[in-house]
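Letter by letter, the chains look like this.
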Amino acid sequence: MSSHVKKIKILHVVDLLKTGGVEVMFMQYISAVISLNPNIEHSVFALRITEQRKDDLSALGVKLYYPVNNKYHLFRRIKIRNLIAREKFDIVHGQNSSGNLWGAIGVVFQKTKLIAHEHGGAWGARGLHVLISRIWASVASIIICNSLAAETIIRKKIYDKDKFKVIYNGVKIQAETTEKKTNGENFKILFVGRLEEVKGIQELLEALKQLKQNNIEFQCNILGDGSRREWMSNYVERNGLNEFVSFKGLVSSVGDYMSSSDVLVLPSLREPLGNVIIEAANFKLPVIASNVDGIRELVQNNVSGILLNPTHPIFLKGLPKHVVGEFGKLVVPMAIDSNELVQALMFLKESPDVRRSFGAAAHALLRGFTIQAYARSISETYTQVSAKK
């Protein structure tokens, strides 16, 4: 006689309109998780969504709920409560601040449990945002953070109760590549990320300008897009960097660039974790990065890469009030010194053996950070939360 196992019904609440790391990671995650446990059923309540992602989720057989024309309509969103009650979802899994908030609105005074998932939204929390965040944090059965830094930010700024679980992000592993070139000529530098000031783009360009002034041969590929794209293009033009710097925009073949580069640079002013570092490790690509927030959890200084301490005061609109510094202290965001970035780049350019050593160490340290491992950890969390009375 076979025993019937009750399915666990999950409703994911997520904004799928943008092209950022949260959205990309969610799509990779949902693709991986649906095949892990046949007793877990997944549906998606999209706050906004692209047509391509509608097609992708449909192809996966995921039941999808989304607004017409991506228009915000308060009363239609509140109907999430009716949806949860009608479909009898066991767990609502919110993604970042907006998903967590609407997930909390959906489950309050219902038997359905909320898993809140923090990917970086808490860094910008202030004023009303803090109060709203406290609502979803208090409603949640568990708060998943993608780094210890994310947990620290929430505990010190929003909510400090014992309901946190750190699950590091994972990436889609690509085939390992052949050994990289080791000659110092045509040194290839790679930047991958949003073209925004918070990513340290000004410090990057200042360092590239100094390399040119010192007659250093290099090529820098910049992957990504953002509001500062035009400013960066103008800077490159004004400083005669056109032959040295190439803007590639949003690309689907990031791995092709990683496999042919010598170093990844991530000079961020704040960085909840840094998925691009995990991706680079798959290609044994060493990194030079800011020693801030979740980055320090991925990079061992002078073992798998070089960490530069942010020391320059910076005043930018939209910067978070605090980032996580050494020993888990909240500190004011600062920028790295572009001169130190130049020195680090010069060192790695002239040290192919060190590049190989750093790349191999990064690969060994982060090889377990896969999208499959990430999906397994979250799937296990569903089972644990569902079992709690």
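Everything quoted here is computed from the prediction, not taken from an experiment.

## Some details on the packing of aromatic side chains
Centre-to-centre distance and the angle between the planes together describe a pair of aromatic rings. The full count for this structure, using the stated rule, is five aromatic pairs. Between Tyr168 and Phe369, the aromatic rings sit 5.5 Å apart at their centres with planes inclined by 45°, giving tilted as the arrangement. Here Tyr168, found in the loop between β7 (164-166) and β8 (187-192), pairs with Phe369, found in the loop between α13 (352-366) and α14 (371-387); they are 201 residues apart in sequence, far enough to count as distant. Measuring from centroid to centroid gives 5.7 Å for Trp231 and Tyr235, while their planes differ by 45°, and the two rings are tilted. Within this pair, Trp231 and its partner Tyr235 are both found in helix α9 (residues 229-238), separated by four residues, close to a single helical turn. Under the relative-accessibility criterion, Trp231 is labelled partly exposed at 23%. Looking at Tyr235, the relative accessible area reads 9%, which means it is buried. Taken together, Phe26, Tyr29 and Tyr374 form an aromatic cluster joined through their ring pairs.

## Some points on the sheet that holds strand β6 (residues 142-145)
Pairing is parallel in the open sheet, where seven strands are placed in the order β3-β2-β1-β4-β5-β6-β7. Because the sheet does not close on itself, it has two edges, and the strands there are β3 (63-65) and β7. Averaged over all adjacent pairs, the angle separating strand axes in this sheet is 25°, with direction ignored. Here five bridges tie strand β4 (residues 91-95) to strand β5 (residues 113-118), and the two strands are oriented parallel to one another. When the bridges of β5 are listed, Val92 appears paired with Leu114. Its contacts with the sheet put helix α1 (residues 21-33) on β1 (8-16), β2 (40-49) and β4, and the angle it makes with β1 is roughly 155°. The strands touched by helix α6 (residues 128-139) are β5 and β6; relative to β5, the strand with the most contacts, the crossing angle is about 130°.

## Topic: the packing of helix α8 (residues 201-213) against α9
The interhelical angle for the contact between α8 and α9, taken along N-to-C directions, is 15°, at an axis separation of 11 Å. Classed by the angle they form, the pair α8 and α9 counts as roughly parallel. As for the relative orientation of α8 and α9, their crossing is right-handed in sense. Contacts between α8 and α9 involve Ile201, Gln202, Leu205, Glu206 and Lys209 on the former and, on the latter, Trp231, Met232, Tyr235 and Val236. Here the contact of α8 with α9 is composed, by residue class, of six nonpolar, one polar and two charged.

About the criteria used
Every chain begins its residue count from 1, and numbering advances along the sequence as written. For this predicted model, a pLDDT threshold of at least 70 governs which residues receive local features, and a threshold of 80 or more governs which side-chain atom pairs are given and counted, while totals over whole chains, interfaces and linings are taken from all residues. Side-chain calculation: all heavy atoms of the structure are included, whereas hydrogens and water are not. A pair of aromatic rings is counted whenever rings of Phe, Tyr or Trp (Trp by its six-membered ring) have centres within 6.5 Å, and the orientation is called stacked for planes under 30 degrees apart, edge-to-face for over 60 and tilted otherwise. Helix and strand assignments follow DSSP, with helices taken as H or I runs no shorter than four residues and strands as E runs no shorter than two, numbered in order from the N terminus. Partly exposed residues are those whose accessible area sits between 20% and 50% of the maximum for their type, while under 20% is buried and over 50% is exposed, using a 1.4 Å probe and protein chains only. Here, strands pair whenever DSSP counts at least two bridges between them. Fitting a line to C-alpha atoms yields each axis, with helices limited to the stretch in contact; the angle taken between N-to-C directions then spans 0 to 180 degrees. Contacts are residue-level and defined by heavy atoms, with any inter-residue pair within 4.5 Å sufficient. Angle categories: roughly parallel below 35 degrees, roughly antiparallel above 145, roughly perpendicular from 65 to 115, and oblique for all the rest. It is the rotation of the near helix from the far one that decides the hand of a crossing: anticlockwise by less than a right angle makes it left-handed, clockwise makes it right-handed. In this classification, Asp, Glu, Lys and Arg are treated as charged, Ala, Val, Leu, Ile, Met, Phe, Trp, Tyr, Cys and Pro as nonpolar, and every other residue, Gly included, as polar.

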